[in-house]
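Overview (structure and organization)
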Amino acid sequence: MSIISINSIRGRLIVASLILLPLVCGVLAWSLDKAYSISLLQSQQRQMLLQTYALMAAAEIEGTTLWLPEQMTDDQLNQLSSDTFAIVVSESSNTSNVIWQSLSASDKLIDSIGNGKPLPTGQLNFSTMSIGLEKYFILQYAVEWETDLGQVLPFQFMVFENRAASDQQLFEYRSVLWWWLGGIALSLVLLQLVILRWGLHPIEGLIDDLSAVQQGKADSLSGRYPNELTVMTGSINQLIQHESKQRERYRHTLADLAHSIKNPVAIIASVLDGAKINAKQQSQSEQVWINDIAEQNERINQIVSYQLNRAVGGSAAPFNKAILIKPVCEKIVSALKKVYSDKSMQVTLTIEEEASFRGDNGDLMELLGNLLDNAFKYGRQNINIIVKGSATDLDFSIEDNGPGMSDNEKLQLVQRGERADTALPGQGIGLAVVNDIVVNYGGQLLLDNSSLGGLKVSISFNWR
Amino acid sequence: MKLLIVEDEQKLRSQLSQALEQQAYKIEQAKDGEEALYMGLEYPIDLAIVDLGLPKINGVEVIKRWRKAGIVFPILILTARGNWQDKVEGLDAGADDYLVKPFHLEELFARVKALIRRFGGHASSELIFGNITIDLSAKQVALSGQSLELTAYEYNTLEYLIHHSDKPVSKKELTEHLYDQDYDRDSNVIEVFIGRLRKKLDPSGELNPIKTVRGQGYRFELTKETKG
């Protein structure tokens, strides 16, 4: 199970759910508990009030004394060890006397109750109090009783109910409530996770598709996405297609431009070559003049070739397609074997099947074409090509058994990529173009001595 | 040797034709892919120089159709852009070598000679047949180390016979490959060249380097020696 990350939408939603659900459950539980407690108390109060009314109904005034029967109709008041008992207090101006108590009050420490709270006539008081170790609800009701002689006598009816039963009822309710709420909360969390997974599934699909496009395994986002994402995926697809079409358009334009420029340059070169062949018919100054023009014509050609190559070159873009190296390499080697058929070169290809170049196909062709052409041109008989790669890395080396290069030459060849216009006439631009492509894609080029005796060119890319 | 130059740029086409004619090649010209396709299929061509950027049918397609039709002559492609995609596509279609524009005429001559030599099955440009040495690159022939004075037609006749020494070559074939298309085919000039070549290459009459195969034509009979 992956660790919840606050940087992901899923992580944030899970954290929010984990905070919110207990909070909601807690508030809900508190509200329900409160409502039930109040309801329980009100019910208790109503019941005790009825008992009080029953007492009052049974009471009779005899002279100046209030008389109540010993046995009440409510059995709870008649039994010892009952949780309910009642007393009636006569209130004079200074003192209060218990004038009656139910049979159930016999075993209660009613002396510790005192005379009760003095209340104005007609006032009702419902509260709790401790009697010994027990807690009781107490309902007090202050009344005035008028005798036959017209004398008004104050009394207080007090009904007591042990809280234990009510507390037990509340405890049981709370237990059930918390179990249920806990179960509901857990179910909601699980349900939330399922909903999250279902809701975020299209985004995860989009991420996978984007990753495939970024790794060059797909051309576009081709999955089925919900309405909320189609605008974005459509835009990304348009962007990829636009970039691809624009590059193709550049390529065609530059091909036309190359054709337009190179043909006049070729005509000039051909005229000058013709003049050089017939050098005997020219004066010395004419020959110098022809050589100067030929040199400048060659320079124009080099700059045009180099800049056209640079202009069409791609770079390490996020949506580059992955091109398998092996078929491209085999195709170029096969073509070069034809061109250099006189040399009977032995080419050893060690290329991992999955090794791929994440970039423009034209750039890969230029890269391999220039390096292999050099190896065929300068190698005597053997060429070794080793390519290793994964979805994120590519390393390849091309070595030959030609004359190799001095350290100075290696340095110059690579540095020349920075300024092709400084190249001397006759120098090729192949390695400078290779260096440019490698730099554009953030790779590394290394020129070294080969164990075969010639030059070893190593190139590495990291697409991460 | 008859070369076909396929180039849409008229100025370049005529310059190349002129330069190659000076090298004693016979030239046919085509200005677009359609014309090139027809000439390659119908004319006795020994080598074609094909620009890739052609009107009507592009160079790669022309080469593909030639090869599909069984045309085997060597093909040198010319490319303006010089990118590897174009070069590999051209070579893959059936071309044998490439040149990137602009190029030096000397390089073009060298490539043309090398392709013709390779097509004739010769690995080296210096061929030795006993005391006769032929330098295909310099177009020179020496007998016992002494340079022989051959006319361009005499040399071309000899070179053609050497490149096709696996079979008798008819007078008609020699005429088609050594002369312009509108040349009078009834002429007995080939017999005259063969006679002169025999005298120059074999003054004593002992070697008999060019044999007449009755009813079929001529065949170069000497066996090539390996250098070194």
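Above: the structure in question.
To start, this report covers the structure provided alongside it. Keep in mind it's a predicted model, so treat the numbers as computed, not measured. (Residues numbered from 1 in each chain as written. Chains lettered and ligands numbered in written order. Predicted model: local features only at pLDDT ≥ 70, side-chain atom pairs only at ≥ 80, totals over all residues. Heavy atoms only, no water.)

**Remarks on the overall build of chain A**
A tally of helices and strands in chain A yields eight helices and 14 strands. When the 464 residues of chain A are sorted by exposure, 39% land in the buried category. Summarising the internal contacts of chain A: among those between residues at least 6 apart in sequence, 64% fall at separations of at least 24. Accessible surface, chain A as shown: approximately 26,200 Å² in total, 56% of it carbon and sulfur. (Helix = DSSP H or I, 4+ residues; strand = E, 2+ residues; numbered from the N terminus. Buried < 20%, exposed > 50% of the residue type's maximum accessible area, 1.4 Å probe, protein only. Contact = heavy atoms within 4.5 Å. Areas by Shrake-Rupley, 256 points an atom, 1.4 Å probe, with all protein chains shown as cover.)

**Things to note about a nonpolar patch on the surface**
Residues and elements named next belong to chain A. The grouping of Val176, Trp180, Ile184, Leu188, Leu191 and Ile195 at the surface amounts to a nonpolar patch, some 580 Å² of accessible area in total. Along the chain, Val176 turns up in helix H2 (residues 164-214). With relative accessibility at 47%, the residue Val176 sits in the partly exposed group. (Patch = residues over 30% accessible without salt bridge, like charges linked within 9 Å, V, L, I, M, F, W, Y side chains within 5 Å. Salt bridge = Lys/Arg side-chain N within 4 Å of Asp/Glu carboxyl O.)

**Describing the packing of aromatic side chains**
Using the criterion set out here, one finds 16 aromatic pairs over all chains in the structure. Arranged with centres 6.2 Å apart and planes meeting at 75 degrees, the rings of Tyr53 of chain A and Tyr141 of chain A form a pair that is edge-to-face. Taken together, the positions of Tyr53 of chain A in helix H1 (residues 9-58) and Tyr141 of chain A in strand E6 (residues 134-146) put the pair 88 residues apart, joining distant regions of the chain. You can call Tyr141 of chain A buried: its relative accessible area is 16%. The rings of Phe85, Tyr136 and Phe160 of chain A are connected pair by pair, giving a single aromatic cluster. Between Lys87 of chain B and the ring centre of Trp84 of chain B, over which it is positioned, the NZ or CZ distance is 3.9 Å. (Phe/Tyr/Trp six-rings, centres within 6.5 Å; stacked < 30°, edge-to-face > 60°. Lys NZ or Arg CZ within 6 Å of the ring centre and 35° of its normal.)

**Focus: empty space enclosed by the protein**
This model, assessed by the stated rule, comprises four cavities of 30 Å³ or more. Approximately 70 Å³ is the volume found for the largest cavity. Forming the boundary of the largest cavity are Ala269, Leu272, Asp273, Lys276, Ala294, Asn297 and Glu298 of chain A together with Pro102, Phe103 and His104 of chain B. Put simply, the parts of the chain that give the lining of the largest cavity at least two residues each are helix H3 (227-277) and helix H4 (284-312) of chain A. In terms of residue count, H3 of chain A provides more of the lining of the largest cavity than any other element does, four residues in total. Along the lines of polarity and charge, the residues of the lining of the largest cavity split into five nonpolar, two polar and three charged. Computed from the structure, the second largest cavity encloses a volume of approximately 60 Å³. Element by element, the count of residues in the lining of the second largest cavity is highest for helix H5 (residues 105-119) of chain B, at three residues. Across the lining of the second largest cavity, the residue classes break down as five nonpolar, three polar and one charged. (1 Å grid on protein atoms, 1.4 Å probe; cavity = no way out; pocket = protein on both sides within 12 Å on 5 of 7 lines; lining within 4 Å. Points joined across faces, edges and corners; volume = space filled by probe spheres on them. Nonpolar A, V, L, I, M, F, W, Y, C, P; charged D, E, K, R; others polar.)

**Brief notes about the sheet that holds strand E9 (residues 346-351) of chain A**
Residues and elements named next belong to chain A. Spatial strand order, E9-E11-E12-E14-E13: five strands in an open sheet with mixed pairing. In this open sheet, the two strands that pair with only one neighbour each are E9 and strand E13 (444-449). Adjacent strand axes in the sheet meet at a mean angle of 10 degrees, parallel and antiparallel pairs treated alike. Where strand E12 (residues 393-400) lies against strand E14 (residues 455-462), seven bridges are found, and the strand directions are antiparallel. For Leu394, the partnering residue across the bridge sits in E14 and is Phe461. Strands in contact with helix H8 (residues 430-440) are E13 and E14; relative to E13, the strand with the most contacts, it is inclined by about 140 degrees. (Pairing = 2+ DSSP bridges. Axes fitted to C-alpha atoms, helices over the stretch in contact; angles between N-to-C directions.)

**Re the interface of chain B and chain A**
Between chain B and chain A, the contact holds 32 residues from the first and 34 residues from the second. Here chain B and chain A share an interface that buries about 2,900 Å² over both sides, 56% of which is from carbon and sulfur atoms. On the chain B side of the interface with chain A, the three residues burying the most area are Arg81, Trp84 and Pro102 of chain B, jointly 27% of the side's total. The salt bridge partner of Arg117 of chain B is Asp342 of chain A, with a shortest N-O separation of 2.9 Å. In this structure, the connection of chain B to chain A is made through 15 residue pairs in polar contact (both at pLDDT 80 or more). Across the side of chain B that touches chain A, the residue classes break down as 13 nonpolar, six polar and 13 charged. (Buried area = accessible area lost by both parts, 1.4 Å probe. Polar contact = N/O pair within 3.5 Å; in protein donor to acceptor, adjacent residues only side chain to side chain.)

**Remarks on the nonpolar core**
Membership of the largest hydrophobic core comes to 70 residues, with the highest contact counts inside it found for Ile325, Leu368, Phe396, Ile459 and Phe461 of chain A together with Trp66 of chain B. Look past the residues within four positions of Ile325 of chain A in its chain and what remains in contact with it is Ile351, Ala355, Ser356, Phe357, Leu364, Leu368, Val387 and Leu394 of chain A. The next biggest cluster of nonpolar side chains, apart from the first, holds 50 residues, and it includes Leu12, Leu115, Ile116 and Leu174 of chain B. (Core = buried A, V, L, I, M, F, W, Y, C linked by side-chain atoms within 4.5 Å.)

**So, the pattern of salt bridges**
Overall, the coordinates contain 23 salt bridges over all chains when judged by the stated rule. Residue Arg174 of chain A is joined to Asp33 of chain A by a salt bridge in which the shortest nitrogen-to-oxygen separation is 2.3 Å. With Arg174 of chain A in helix H2 and Asp33 of chain A in helix H1, this residue pair connects regions lying 141 residues apart in the sequence. Taking relative accessible area as the criterion, Arg174 of chain A reaches 33% and is therefore assigned partly exposed. Overall, Asp33 of chain A belongs to the buried group, its relative accessible area being 13%. Residues Lys171 of chain B and Glu191 of chain B are paired through a salt bridge, measuring 2.3 Å at the closest nitrogen-oxygen approach. With Lys171 of chain B in helix H7 (residues 171-178) and Glu191 of chain B in helix H8 (residues 189-201), the pair connects residues that are 20 residues apart, well separated along the chain.

**A look at the side chain of Thr175 of chain B**
Checked against the element boundaries, Thr175 of chain B lands in helix H7. At a separation of 2.6 Å, a polar atom in the side chain of Thr175 of chain B contacts the main-chain carbonyl oxygen of Lys171 of chain B.

**Observations concerning the sheet that holds strand E7 (residues 152-162) of chain A**
All names here are of chain A. An order of E4-E3-E7-E6-E5 is seen for the five strands of this open sheet, with the pairing classed as antiparallel. The open sheet terminates on both sides in strands that have one partner only, identified here as strand E4 (96-101) and strand E5 (124-131). For this sheet, the mean inter-axis angle between neighbouring strands, taken without regard to orientation, is 30 degrees. With eight bridges joining them, E5 and E6 adopt antiparallel strand pairing. When the bridges of E6 are listed, Ile131 appears paired with Glu134.

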